[in-house]
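# Observations on chain architecture
What follows is the residue order along each chain.
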Amino acid sequence: NAGVTQTPKFQVLKTGQSMTLQCAQDMNHEYMSWYRQDPGMGLRLIHYSVGAGITDQGEVPNGYNVSRSTTEDFPLRLLSAAPSQTSVYFCASSYSETGVGETQYFGPGTRLLVL
Amino acid sequence: GQQVMQIPQYQHVQEGEDFTTYCNSSTTLSNIQWYKQRPGGHPVFLIQLVKSGEVKKQKRLTFQFGEAKKNSSLHITATQTTDVGTYFCAGMNRDDKIIFGKGTRLHILP
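Residues numbered from 1 in each chain as written. Chains lettered and ligands numbered in written order. Predicted model: local features only at pLDDT ≥ 70, side-chain atom pairs only at ≥ 80, totals over all residues. Heavy atoms only, no water.

## Here's the deal with the overall build of chain A
Along chain A, the regular secondary structure elements total 0 helices and 11 strands. Start at the N end of chain A and walk to the C end: the helices and strands fall as β-β-β-β-β-β-β-β-β-β-β. Here the C-alpha atoms of chain A give a radius of gyration of 13 Å, agreeing with the 13 Å that 2.2 N^0.38 yields for 115 residues. For the C-alpha atoms alone, the extent of chain A along its principal axes is close to 40 × 30 × 25 Å. (Helix = DSSP H or I, 4+ residues; strand = E, 2+ residues; numbered from the N terminus. Rg over C-alpha atoms; globule rule 2.2 N^0.38 Å.)

Right, dumping it as structure tokens:
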């Protein structure tokens with residue numbers, strides 16, 4: 001199993017550009033989520049999904065969209081990038097539908113710089 | 001909103017010394033998980049605690065969940081250079097939301 005994969009590893013954007021961060025898992029996990037990690041801020045939940053076709057907002061959802069058309073994939077879209085979105089983005093997945101008490105497996109991360 | 005506070009933010013210890021990081025929640029948690037993130041890496045799950053007063057050990061690491069399920073600690077005995085990294089706690093509240101602490105960055109002095 002590849003586990004949780006993320007692409008790209010690094011990305012530089014100009015303000016106003018759009019892009020999609022890809023996340024895929026091959027463990028048949030129902031629960032997937034996106035976090036951003038900023039220095040001194042820990043991990044903050046952006047959006048999460050408890051299964052295909054179901055998504056919900058986390059702590060910091062503004063400026064990001066998600067969709068979950070398949071169990072395996074959970075892309076994160078930035079419609080109009082802003083410098084405040086410069087961060088490291090982690091995708092995570094876990095087995096249970098609700099993620100309650102389940103181990104979260106993290107992807108390697110995407111480092112995004114918005115100029 | 002609910003917060004999970006983690007202290008200290010940074011800790012420098014001599015190799016061989018012990019290390020402890022503490023996690024405190026403003027509300028009761030359903031469970032708490034601990035993760036380790038190496039520099040430049042991604043968080044890796046270490047353990048989960050569910051029961052009040054629970055204590056679990058993994059070799060030199062000891063994890064504890066408070067009686068009121070509002071606090072937790074991670075203690076490392078006789079630190080080694082491989083222990084370098086940031087340790088995060090993540091609490092599950094009664095709304096099934098996972099909230100991460102800001103982490104404790106451990107640096108080992110040789």
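## Some remarks on the pairing of strand 11 (residues 110-114) of chain A
Within a regular beta strand, the side chains point alternately toward one face of the sheet and then the other, so they alternate between its two faces. All names here are of chain A. On strand 11, burial follows the alternation: Thr 110, Leu 112 and Val 114 on one face are buried, whereas Arg 111 and Leu 113 on the facing-out side are not. Looking at chain direction, strand 9 (residues 87-94) and strand 11 are connected through 3 bridges and run antiparallel. What sits directly across from Tyr 89, in strand 11, is Thr 110. (Buried < 20%, exposed > 50% of the residue type's maximum accessible area, 1.4 Å probe, protein only. Pairing = 2+ DSSP bridges.)

## Some remarks on the state of the cysteines
For the structure shown, the criterion picks out 2 disulfides over all chains. There is a disulfide in this structure between Cys23(A) and Cys91(A), and the S-S distance comes to 1.9 Å. Linking Cys23(A) and Cys91(A), the disulfide has an S-S dihedral of approximately -70° and is accordingly described as left-handed. One end of the pair, Cys23(A), is in strand 3 (residues 19-25); the other, Cys91(A), is in strand 9, with 68 residues separating them in the sequence. Cys91(A) shares its class with Cys23(A); the two are buried. What pairs with Cys23(B) in a disulfide is Cys89(B), and their sulfur atoms sit 1.9 Å apart. (Disulfide = S-S within 2.5 Å.)

## A closer look at the sheet that holds strand 3 (residues 19-25) of chain B
Residue and element names in this part refer to chain B. Here we have 5 strands laid out as an open sheet, ordered 1-3-8-7-6, and antiparallel in their pairing. In this open sheet, the two edge strands, each paired with only one partner strand, are strand 1 (4-7) and strand 6 (55-58). When strand polarity is set aside, the average angle formed by the axes of neighbouring strands in this sheet is 15°. Sheet analysis places strand 6 next to strand 7 (residues 61-65), joined by 4 bridges and oriented antiparallel. Bridge pairing in strand 7 places Gln 58 opposite Leu 61. (Axes fitted to C-alpha atoms, helices over the stretch in contact; angles between N-to-C directions.)

## A look at unusual backbone geometry
The omega torsion of the bond from Thr7(A) to Pro8(A) falls at -5°, within 30 degrees of zero and hence cis. With respect to the element layout, Pro8(A) can be found in the loop between strand 1 (4-7) and strand 2 (10-13). The peptide bond linking Ile7(B) to Pro8(B) adopts the cis configuration, its omega dihedral lying at -5°. Although it is not a glycine, Asn28(A) adopts a positive phi angle of roughly 60°. On the secondary structure map, Asn28(A) appears in the loop between strand 3 and strand 4 (31-38). If you check the backbone angles, Lys59(B) has positive phi at about 55° while not being a glycine. Tracing the chain through its elements places Lys59(B) in the loop between strand 6 and strand 7. Using a relative accessible area of 86% as the deciding quantity, one classes Lys59(B) as exposed.

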